[in-house]
Amino acid sequence: MAEPVQPQKKTILVVDDTPDNLVLFGELLMPHYQVRVANSGLKALAAAAAEPRPDLILLDVMMPEMDGYQVIARLKTEPETRDIPVMFITALDQIEDEVRGLELGAADYVTKPVKPAILLARVRGQLDLKEARDILRDKNAWPEAEVERRVRQYRKVQDASMRALASLAEARDSETGNHILRTQGYVNILAGTLAAQPKYAAILTPAVIETYTKAATLHDIGKVGIPDQILYKPGRHTPEEWEIMKTHAQIGAQAIWRAIQHEDDLEAVNFLCVAMEIAGKHHEKWDGSGYPRGLVGEQIPLCARLMAVADVFDAW
């Protein structure tokens, strides 16, 4: 039969500048805990930050160079040590001294001469409290980690869906595939550059730029609805054919709208809302001469304006 696994002893850091006190506390605590010692404030800070981190610090107040109040103030400012409970051990017995220690974050305050049974009981109580806090923190951290994992999965599905939809347009037009990749890059660069301007800094956050970049892949999705004889026609289109060709903007926007119109949470499909704006309005022009609606200036959504610049630039 295998030997039962013994629970690992908790680690206690004892800080005192008097060697006799270190010996006394060591003899009292070592039967129950792993004990580490430090005889100055600076050494205490180094020991508290070293692995394994102590589960509890017993800290003398009256020490030369750096007293216990200064030590705990430093401990509470460092992320790796601020959650370690500190118990003051001191000969001071004034109420104001105890209040000062507790205000600085001490978990408990024990006066010298120490009564062994009382000290052990208080040490055990502080360690139990810390263990309970650690368990609660870990339980709270698990849902956060799970949410982050699911968000990553959702984004991967979102990206894959974008690529799948964009590939429909690519399959219809041999030029579209490379065009999609190039214009997507242009939109990203344009948005990032524009974000440096005060007028757009609050609008074009990194998250918004990412959404614009992803949604740009669907700007020509409406070409799937253009008849082959028009889409693949070499040379110039007749005026009638060009009118049909221009409908790809509206076809793309309507196709995306049909996919999201019954969604209660539009924020969850925000990237498709942006894609709909881009698909339907990236051929609008600032002077109102574009299509399909003849929008003017800032009537054109910013995402569609960026796409329009990228689209024209790539056609040169």
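Residues numbered from 1 in each chain as written. Predicted model: local features only at pLDDT ≥ 70, side-chain atom pairs only at ≥ 80, totals over all residues. Heavy atoms only, no water.

1. So, the overall build of the protein chain
Summing up its helical and strand segments, the protein chain has 13 helices and five strands in all. Residues counted as buried form 41% of the 316 residues belonging to the protein chain. Expressed as a percentage of contacts within the protein chain between residues at least 6 apart in sequence, the contacts between residues at least 24 apart total 61%. On the protein chain, roughly 18700 Å² of surface is accessible, and the fraction owed to carbon and sulfur atoms is 57%. (Helix = DSSP H or I, 4+ residues; strand = E, 2+ residues; numbered from the N terminus. Buried < 20%, exposed > 50% of the residue type's maximum accessible area, 1.4 Å probe, protein only. Contact = heavy atoms within 4.5 Å. Areas by Shrake-Rupley, 256 points an atom, 1.4 Å probe, with all protein chains shown as cover.)

2. Quick look at the pattern of salt bridges
Between side chains of opposite charge, pairing is possible as soon as their charged atoms come close. Taken as a whole and judged by the stated rule, the model has 12 salt bridges. A salt bridge links D60 to K112; the shortest N-O distance between them is 3.4 Å. On the criterion of sequence distance, the pair formed by D60 in strand β3 (residues 56-60) and K112 in the loop between β5 (108-111) and α5 (116-172) is long-range, its members being 52 residues apart. Here D60 falls in the buried class, since its relative accessible area comes to 4%. The partner of E241 in a salt bridge is K233, with the nearest N and O atoms 2.6 Å apart. Because the salt bridges share partners, they merge into one network encompassing D16, D60 and K112. (Salt bridge = Lys/Arg side-chain N within 4 Å of Asp/Glu carboxyl O.)

3. Comments concerning the sheet that holds β5
The strands making up a sheet associate through hydrogen bonds between their backbones, and the pairing can be parallel or antiparallel. An order of β2-β1-β3-β4-β5 is seen for the five strands of this open sheet, with the pairing classed as parallel. The sheet is open, and its two borders are formed by β2 (34-38) and β5, each paired with just one other strand. Taken pair by pair, the neighbouring strands of this sheet meet at an average axis angle of 20°, ignoring direction. Contacts from helix α2 (residues 41-49) reach β1 (11-15), β2 and β3, with the element oriented near 170° to β1. (Pairing = 2+ DSSP bridges. Axes fitted to C-alpha atoms, helices over the stretch in contact; angles between N-to-C directions.)

4. Some details on unusual backbone geometry
Cis rather than trans, the peptide bond between E51 and P52 has omega equal to -5°. Along the polypeptide, P52 turns up in the loop between α2 and β3. In this chain, K112 is followed by P113 through a cis amide linkage whose omega measures -5°. With respect to the helices, strands and loops of the structure, P113 is situated in the loop between β5 and α5.

5. What about helix α10 (residues 239-246)?
For α10, the set of buried residues is E241, M245 and K246. Here the buried residues of α10 occupy an arc of 140° about the axis, which is enough to place them on one side. α10 presents P239 and E240 as exposed residues on the side facing more than 90 degrees away from its buried surface. Those residues of α10 that are buried lie in contact with α9 (228-231) and α11 (248-260). (Arc of directions from axis to C-beta.)

The analysis is restricted to geometry; functional conclusions fall outside its scope.
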